[in-house]
Amino acid sequence: MGDTTKQVPFVKGLEGVAVAISSISHIDGKAGRLIYRGFSVEELAQYSNFEEVAFLLWHGKLPTDFELTDFKRKLARERSLSSEISQLLRLLPASSHPMDVLRTAVSAMGVLYRRCDGSGFSLIEDAISILSKIPTVLAAFEAARNNRPPVLPSAELDHAANFLYMLHGKLPEEKVARVFDAILILHAEQEMNASTFAATVTASTLSDIFSAITSAIGTLKGPIHGGASERVIEMLDEIGDPANVETFIEEKMSAGKRIMGFGHRIYKTYDPRAVVLKSMAKELVKSDPGRKRLEVALKLEEVVVERLGEKGIYPNVDFYSGIVYSELGIPKDFFTAIFAMARCAGWAAHIMEYTESNRIFRPRAIYEGSTDLRYLEEKAKARCE
Ligand code: ACO
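Residues numbered from 1 in each chain as written. Predicted model: local features only at pLDDT ≥ 70, side-chain atom pairs only at ≥ 80, totals over all residues. Heavy atoms only, no water.

## Observations concerning the sheet that holds strand β2 (residues 33-36)
Item 1. Read across the sheet, three strands follow the order β1-β2-β3 without closing on themselves; strand pairing throughout is antiparallel. Looking along the sheet, the strands with just one partner apiece sit at the ends: β1 (25-28) and β3 (39-40).
Item 2. Of the strand pairs in this sheet, β2 and β3 are connected by two bridges, and their pairing is antiparallel. Its bridge partner being in β3, Y36 is matched across the sheet by F39. (Pairing = 2+ DSSP bridges. Helix = DSSP H or I, 4+ residues; strand = E, 2+ residues; numbered from the N terminus.)

Structure representation (structure tokens):
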């Protein structure tokens, strides 16, 4: 058998391999810089709002005032869930992880709400539907698992404020809504990471956007991708006090284990999003557990950077985000789902861009197994084992 895969380059984890040409975002991993469509993420977090950033990512330009108002109106109009999805959320066990709930709900939404099926509706209309409904799904699940009726979405509020309103059943303070809006901006896009790649691979088969985003949610969930933020809070609580940090790191390192919230395939210095989230955490923390976690986190950062900074190990986006979310009254198991709520904007942007000049992803695997086995002989051997 002629094995052509022997000549195929093999790069474990696709490190250093580009799989798309994109003008959506760019990371300078050495300088710790992230830009969306040319704008630094710090500036967007400071001056823009989530809806404007989603428009920017999808259309490649800042909206006019009219376009932004129209886009916000379209998003607000799509927030409500049909009775089928509301019922599904009540049927899922209260113990379900919100990321499993979200993955299931977006998949079911594909059955119920899909419009881009060749009948004249565009991909962007399905993207608006998914982006708008994710916050409603999460808030409705939080209500269902606490045996409360869901708080219906408000068309008067912006995306970020509306989510906090539905989650907590009361209007958020303006400052809190603004912080949450900035968090969504920080998490909205990040070039070709694992979940974006998963979305793009699914979309490259010309499958629908609900399927592609379902793939992305399943990928983001993993503890070494978006799932790390939840693990960080557990780790900070386990350490408990800054005085325990040195011993904790010593034990982890001698066991060859990773420290959650540190390290990144591309950033080899401070992740710029972690820098913003750290200053948010410092400004926001008021609760006792929050103060303690922040003290532990600051000490952990100091020791890890001192010991592993040379290797390019610095805090990533997931390190300080959980402290901020907790101060905003967001349950710990919601952290990764909040990430998904924001990243849906970036996933959709990549799905739109890639499928514009699509080529199906079809890599190879280098085969190392047997090639000449005979079934009857092997079956006889297997029977005797
Ligand atoms: N703690 C300690 N050491 C680490 C860490 C860490 N968190 N991350 C990487 N390293 C070390 C590795 O042990 C390795 O050391 P070695 O060269 O001596 O063997 C070196 O840094 C390079 O590590 P790789 O495994 O090659 O890094 P990779 O790019 O494959 O992994 C990843 C990146 C998965 C993010 C990794 O840093 C990690 O597991 N971090 C912890 C989980 C986490 O915080 N994930 C969130 C990332 S941000 C996001 O996805 C949203």
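Back to the write-up after that little detour.
## Overview of the environment of G218
Item 1. Relative to the helices and strands, G218 is located in helix α10 (residues 209-220).
Item 2. The spatial distance from the C-alpha of G218 to the C-alpha of E78 is 23 Å, given a sequence separation of 140 residues.

## Digging into the packing of aromatic side chains
Item 1. Per the counting criterion, the structure on display carries nine aromatic pairs.
Item 2. Pairing F197 with F361 gives two aromatic rings, centres 5.3 Å apart and planes at 80 degrees, and the pair type is edge-to-face. Residue F197 is found in helix α9 (residues 194-204), and its partner F361 is found in the loop between α16 (335-356) and α17 (375-384); the two are separated by 164 residues along the sequence.
Item 3. A residue is classified by how much of its surface remains accessible, and F197, at 23% relative accessible area, is partly exposed.
Item 4. An aromatic cluster is defined as three or more aromatic residues linked by ring pairs; in this entry it consists of F55, W58 and F71. (Phe/Tyr/Trp six-rings, centres within 6.5 Å; stacked < 30°, edge-to-face > 60°. Buried < 20%, exposed > 50% of the residue type's maximum accessible area, 1.4 Å probe, protein only.)

## Here we look at unusual backbone geometry
Item 1. With a phi close to 55 degrees, L14 is a non-glycine residue in the positive phi region.
Item 2. Among the residues examined, L14 registers a relative accessible area of 38% and is labelled partly exposed.
Item 3. Positive phi is not limited to glycine here, since E191 has a value of about 55 degrees.
Item 4. Looking at the secondary structure, you find E191 in the loop between α8 (174-187) and α9.

## Section: the domain arrangement of the protein chain
Item 1. One can read the domain layout of the protein chain as domain 1 (26-223 + 334-356) and domain 2 (228-327).
Item 2. Taken residue by residue, the interface counts 24 residues in domain 1 and 26 residues in domain 2.
Item 3. Interface area for domain 1 against domain 2, summed over the two sides, is near 2,100 Å², with a carbon-plus-sulfur share of 65%.
Item 4. On the domain 1 side of the contact with domain 2, L186, P223 and F335 bury the most area, a combined 30% of that side's loss.
Item 5. Applying the counting criterion to the domain 1 and domain 2 interface returns zero salt bridges.
Item 6. If you look at where domain 1 meets domain 2, you find five residue pairs in polar contact (both at pLDDT 80 or more).
Item 7. The set of elements that each furnish at least two residues to the side of domain 1 that touches domain 2 consists of β2, α1 (41-47), α8 and α16.
Item 8. When residues in the side of domain 1 that touches domain 2 are grouped by element, the largest group, six residues, is from α8.
Item 9. Its residues assigned to classes, the side of domain 1 that touches domain 2 comprises twelve nonpolar, seven polar and five charged. (Domains from an automatic or database assignment. Contact = heavy atoms within 4.5 Å. Buried area = accessible area lost by both parts, 1.4 Å probe. Salt bridge = Lys/Arg side-chain N within 4 Å of Asp/Glu carboxyl O. Polar contact = N/O pair within 3.5 Å; in protein donor to acceptor, adjacent residues only side chain to side chain. Nonpolar A, V, L, I, M, F, W, Y, C, P; charged D, E, K, R; others polar.)

## Some points on the environment of P315
Item 1. Within the fold, P315 resides in the loop between α14 (288-308) and α15 (317-327).
Item 2. Residue classification places P315 among the buried positions, given a relative accessible area of 1%.
Item 3. Along the backbone, P315 and S95 are 220 residues apart, and their C-alpha atoms lie at a distance of 30 Å.
Item 4. Apart from the residues within four sequence positions on either side, P315 is in contact with G261, F262, Y270, D271, A274, E301 and V305.

## Considering α14
Item 1. Between its first and last C-alpha, α14 extends 30 Å over 21 residues, near the 30 Å set by a 1.5 Å rise per residue.
Item 2. Among the residues of α14, G290, R293, L294, V296, A297, L300, E301, V303, V304, V305 and L308 are the ones counted as buried.
Item 3. Looking at the buried side of α14, the elements it contacts are α11 (228-239), α12 (245-254), α13 (272-284) and α15.
Item 4. Where α14 begins, the side chain of S287 points an oxygen toward the backbone nitrogen of G290, at a separation of 3.0 Å. (Expected span 1.5 Å × (residues − 1).)

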